[in-house]
Amino acid sequence: MPAARMRWAVVGATSVALVATGCSSSGGGGGPSNSSATFSYQSSEPQNPLQPANANEVGGGRILQNLFKGLIDYDPNSGEMRNQVAENIASSDAQTFNVTLKSGWTFHDGTPVTASSFVNAWNWAANTKNNQINSSWFSDIEGYNDVHPSGAGATPTKDTMSGLTVTDDTHFTIKLTSKVAYFPMKLGYIAFSPLPEGFFKDPDGYGQKPVGNGPYQFVSWDHNSQVVTKTYPNYQGVDKPKNGGVVFKMYTTAEAAYADLQSNNLDVMDQVPPSALANYKNDLGDRAIDAPQGAIQNVGFTLYQPEWSGPNTAKVRQGLSMAIDRDTITKTVLQGSRSPASAWTAEGVDGYKAGTCGDFCTFNADKAKQLITEGGGVPGNSLKITYNADGGHKEWVDAVCNSIRQATGVNCVGDPKTDFKTARAAITGHQINGMFRTGWVQDYPLNANFLADVYKTGAASNDFGYSSPQFDQLANQADQAASVQDSATGYQKAEAVLAQDMPAIPLWYYRTNSGYSTKVQNVKFDSFGNPAWTQVEVKG
Amino acid sequence: MGHYVIRRVLQMIPVFFGATFLIFMMVYMLPGDPIAAMFGDKAADPAQVAALRHKYHLDEPWWKQYFIYMGNVFQLDFGTSFTGRPVSEIMADAFPVTIRLAFVAFFFEIVIGLPLGLLAGLKRGSFADTGVLLITLVVISIPVFVLGYIAQTIFATNLGWVTPTVQDSTDITQLILPGAVLASLSLAYVARLTRTSIGENLRADYMRTAIAKGLPRRTIISRHLLRNSLIPVVTFLGTDLGALMGGAIVTEGIFNIAGVGNILYKAIRTKEGPTVVGIVTVLVIVYLVASLVVDLLYAILDPRIRYA
């Protein structure tokens, strides 16, 4: 989720992958639990009002995820898509989707969740004039341009998207502008949540006092201090809460949260501070967690510049990739909080295929030098890696530069920008030269999310200016596949093209390094870097 | 005296406008686009960015933004933060917390700092004097964040006397540890300042006269020595009250207190103009009032100033 993306970029800590492999949690297990007791979770003050389509950072995102539940979500154990409010999402052509809802779902104010609850919420969220940060999530739907015209300052001509049609209370159809086989996979994103009737009368008021349909209902928001929720007794989802609610305690620093965790004033946190990485497994024993996340760190190239766009320059980029000693850097500088990458899709994500990068992601100084020479050398024999200085990236950027310098003799230095927003402005404004830090945190656990949104020609987050007809063609084929699984396989073929062109060098995957207090048990983290909230048991 | 007060109050008006104007300009000049940054690593949607900019008047030139802002302030509307909350509400939450913390710290400065300085100043060269000098030197040379973490580790994590972070900021007892940490540096200065000032005045002519007149020791110290020695200390304490309120960022971070420092730090990072300007404006007023009080105290302590 972009939420996580924000935190990751800013704090340089965290995020997400399919947990399929190793949730090393669930220690201290098996005692009796009190299903009406609440537990506390480390959080940060939401940056926006609590409206589902307006949560773009973890602070608000994780609270909304618990207050709302959409058509589908992802099983925290396997990462697989599972139906929640949806009974069934069917399509014969990967373009029109027929949604059937389960009956019996209600909002926390008692009103029923109907097809209109979804369609009205989506139309409202997509509309430019409602200022929702996640509005572009609806751009696949036919008629999006009517409610959200593309030019800055243009006003919407309609209030509804033609692609959304309500058939009856439990049925509606979604028609997309083009085929996207994996569209249902996107529907687990928080922006696609339903909204109750009352919301539209007072969106601002609801932003301070949200009423959702999720496992937990809103109790109070003591700003900058805590958000209190309690279990909604009428929750119809497959993941019935085993606890009485979550108290989100706001922390400004991970150090403060970690100190509280150690003295049992906080029950679960999302990422231990860098200063505790070396010791947290000793401190917490079997309450320590080390789990993979669906997030990747890369360094990208400015392919829009002539010196990087020549036909042979791909060899230079491949050579630079081979000059980075990922194993050593992740073990020493990053203290095992990352694992070396061998592909552009993060570990464990649906469609992840290890080794797509081939030898190019394996450290080999001789081969690196040879490739760089064959490619005509690095312009001016020197490089800069632009990054944001407020995100804890300095250490590894320096390490990567050292590695490149020692292996190839290319002069390499870090180019820090004051903070995240300044770095982003320089990157999107094309005011940098050579290389920059970039990364991706999954919005949904599928490889398409790591590839289509980043490397397609003109994709919104294609900061490289990368454009490959071959990649685009394979991606489009994958979009038109018959099923999500075929789509994932198709994207694996597209990913292979990235190894030839190397628009960005994959460095490593993120991991969740966390822990929990002695008061709770059965804490497992999913690939989004979130605990399986409803499964946490409070010892009693 | 009345004229003096009025003149001082009138002086506050240009300072108020000048300060808010400068702050407004500086926030505007901070690099980066706050709206685009809301979208994270994901590319911002230009149509939505334009709509949001318009909503927060960020599409206007900065001087116009200043006029819009000041116009609203005079209607007691401090604007809305990106979280959709009125800034006045945010300040109403944060200021009481920081004021409580600042007063706990201020209390320590006066109750511990002053007597320490008095003791050291009256018994110069004694064992107690050397002790005070040594302790204050140690405190001055350790950065506040180190002191904070040490205090947190010893008293919370190891001894378990208090919780590592403040759970409820309305509970004064929970503010004692962070208050002591926040006070530590200024406390050391107060002690040293008092010691020097007393040491100097002990040798003054009027002191010799007072002693020669055979006045009781109590009266000499409280009426003659303290009254004259406190002028530099009062100056320091007055400006320090303002510094305590704005400078609590580090302490509030370590002990996770949702005060002004915390909010201000976050607002500067997200370039949230209305919140930054609102808080700093109030801080400027606090400074102005504190220095006014200091100047009035001067007049009480030293009649020569009153009539000058």
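Quick caveat: nothing in here was measured; it's all calculated off a predicted structure.

**Quick notes on the overall build of chain B**
And then number 1: On a plain count of helices and strands, chain B comes out with 14 helices and zero strands.
And then number 2: C-alpha extents for chain B along the principal axes are approximately 85 × 55 × 30 Å.
And then number 3: Looking at chain B residue by residue over its 308 residues, the buried ones come to 45%.
And then number 4: Excluding contacts between residues fewer than 6 apart, the proportion of contacts in chain B whose partners are at least 24 apart in sequence is 74%.
And then number 5: Of the roughly 15000 Å² that chain B leaves accessible, carbon and sulfur atoms contribute 71%.

**Quick word on the nonpolar core**
And then number 1: If you look at the biggest cluster of nonpolar residues, it comprises 141 residues, and the most contacted ones within it are A:Leu71, A:Trp122 and A:Phe138.
And then number 2: Counting residues in each nonpolar core, the second largest holds 59 residues, with B:Val27, B:Leu264, B:Val277 and B:Ile279 among its members.

**Overview of unusual backbone geometry**
Residues and elements named next belong to chain A.
And then number 1: Look at Ala-94: it is not a glycine, yet its phi comes out positive at around 60°.
And then number 2: Residue classification places Ala-94 among the buried positions, given a relative accessible area of 8%.
And then number 3: Residues other than glycine seldom take positive phi values, yet Asn-264 does so here, at roughly 65°.
And then number 4: For Asn-264, the position within the fold is in the loop between α8 (254–262) and α9 (280–284).

**Some points on the interface of chain A and chain B**
And then number 1: Contacts between chain A and chain B engage 53 residues on the former and 40 residues on the latter.
And then number 2: The contact between chain A and chain B buries some 3700 Å² in all, and 52% of this surface belongs to carbon and sulfur atoms.
And then number 3: In terms of surface lost to chain B, no three residues of chain A exceed A:Asn131, A:Thr252 and A:Lys421, which account for 18% of the buried area on that side.
And then number 4: Our count for the contact surface shared by chain A and chain B stands at one salt bridge.

**Quick word on the pairing of strand β9 (residues 226–231) of chain A**
Residue and element names in this part refer to chain A.
And then number 1: Pairing of strand β8 (residues 216–222) with β9 involves six bridges; the strand directions are antiparallel. Note that in β9 the partner of Gln-217 across the bridge is Lys-230.
And then number 2: Count of turn residues in the β8/β9 antiparallel hairpin: three residues, of which Asn-224 carries a positive phi of about 65°.
And then number 3: Pairing of β9 with strand β10 (residues 245–250) involves three bridges; the strand directions are antiparallel. Each residue of the ladder has a partner; that of Gln-226, found in β10, is Lys-249.

**Some thoughts on the sheet that holds strand β12 (residues 338–340) of chain A**
Residues and elements named next belong to chain A.
And then number 1: Taking strand neighbours across the sheet as the criterion, the six strands line up as β12-β16-β11-β15-β13-β14 in an open arrangement whose pairing is mixed. Unpaired on one side and paired on the other, β12 and β14 (411–417) mark the two borders of the sheet. Between one strand axis and the next, the sheet turns by 35° as a mean value, whatever way the strands run.
And then number 2: By the bridge criterion, seven bridges tie strand β13 (residues 382–388) to β14 in an arrangement that is parallel. Its bridge partner being in β14, Thr-386 is matched across the sheet by Asp-415.
And then number 3: Strand contacts of helix α14 (residues 394–408): β11 (288–301), β13, β14, β15 (435–441) and β16 (504–515), with the helix running at about 165° to β14, the strand carrying the most contacts.
And then number 4: This element, helix α16 (residues 447–455), spans β11, β15 and β16 of the sheet and lies at about 140° to β15.

**Quick notes on the UniProt feature "domain: Solute-binding protein family" (unreviewed entry) in chain A**
And then number 1: Residues annotated by UniProt as "domain: Solute-binding protein family" (unreviewed entry) correspond here to residues 82–460 of chain A.
And then number 2: With 28% helix and 21% strand, the stretch residues 82–460 of chain A has end C-alpha atoms that lie 28 Å from each other.

**Regarding the environment of A:Gly207**
All names here are of chain A.
And then number 1: On the secondary structure map, Gly-207 appears in helix α7 (residues 203–208).
And then number 2: Here Gly-207 falls in the buried class, since its relative accessible area comes to 0%.
And then number 3: Residues Gly-207 and Pro-52, spaced 155 residues apart in sequence, show a C-alpha to C-alpha distance of 8.9 Å.
And then number 4: Once residues lying within four places of it in the same chain are set aside, the contact partners of Gly-207 are Pro-49, Leu-50, Gln-51 and Trp-221.

**Some details on the sheet that holds β9(A)**
Residue and element names in this part refer to chain A.
And then number 1: Sheet architecture is open: four strands sit in the order β1-β10-β9-β8, paired in mixed fashion. The open sheet is flanked by β1 (38–43) and β8, the only strands paired with a single partner. For this sheet, the mean angle separating the axes of adjacent strands, direction not counted, is 20°.
And then number 2: Together, β1, β8, β9 and β10 form the strand contacts of helix α2 (residues 58–67), whose direction differs from that of β1 by roughly 150°.

**Topic: the side chain of B:Ser184**
And then number 1: By the element assignment, B:Ser184 lies in helix α8 (residues 176–202).
And then number 2: Ignoring sequence-local partners within four residues, the contact set of B:Ser184 consists of B:Val139 and B:Leu147.

Rules of the game
Residues numbered from 1 in each chain as written. Chains lettered and ligands numbered in written order. Predicted model: local features only at pLDDT ≥ 70, side-chain atom pairs only at ≥ 80, totals over all residues. Heavy atoms only, no water. Helix = DSSP H or I, 4+ residues; strand = E, 2+ residues; numbered from the N terminus. Buried < 20%, exposed > 50% of the residue type's maximum accessible area, 1.4 Å probe, protein only. Contact = heavy atoms within 4.5 Å. Areas by Shrake-Rupley, 256 points an atom, 1.4 Å probe, with all protein chains shown as cover. Core = buried A, V, L, I, M, F, W, Y, C linked by side-chain atoms within 4.5 Å. Buried area = accessible area lost by both parts, 1.4 Å probe. Salt bridge = Lys/Arg side-chain N within 4 Å of Asp/Glu carboxyl O. Pairing = 2+ DSSP bridges. Axes fitted to C-alpha atoms, helices over the stretch in contact; angles between N-to-C directions. UniProt positions renumbered as here; feature names shortened; annotations may be inferred.

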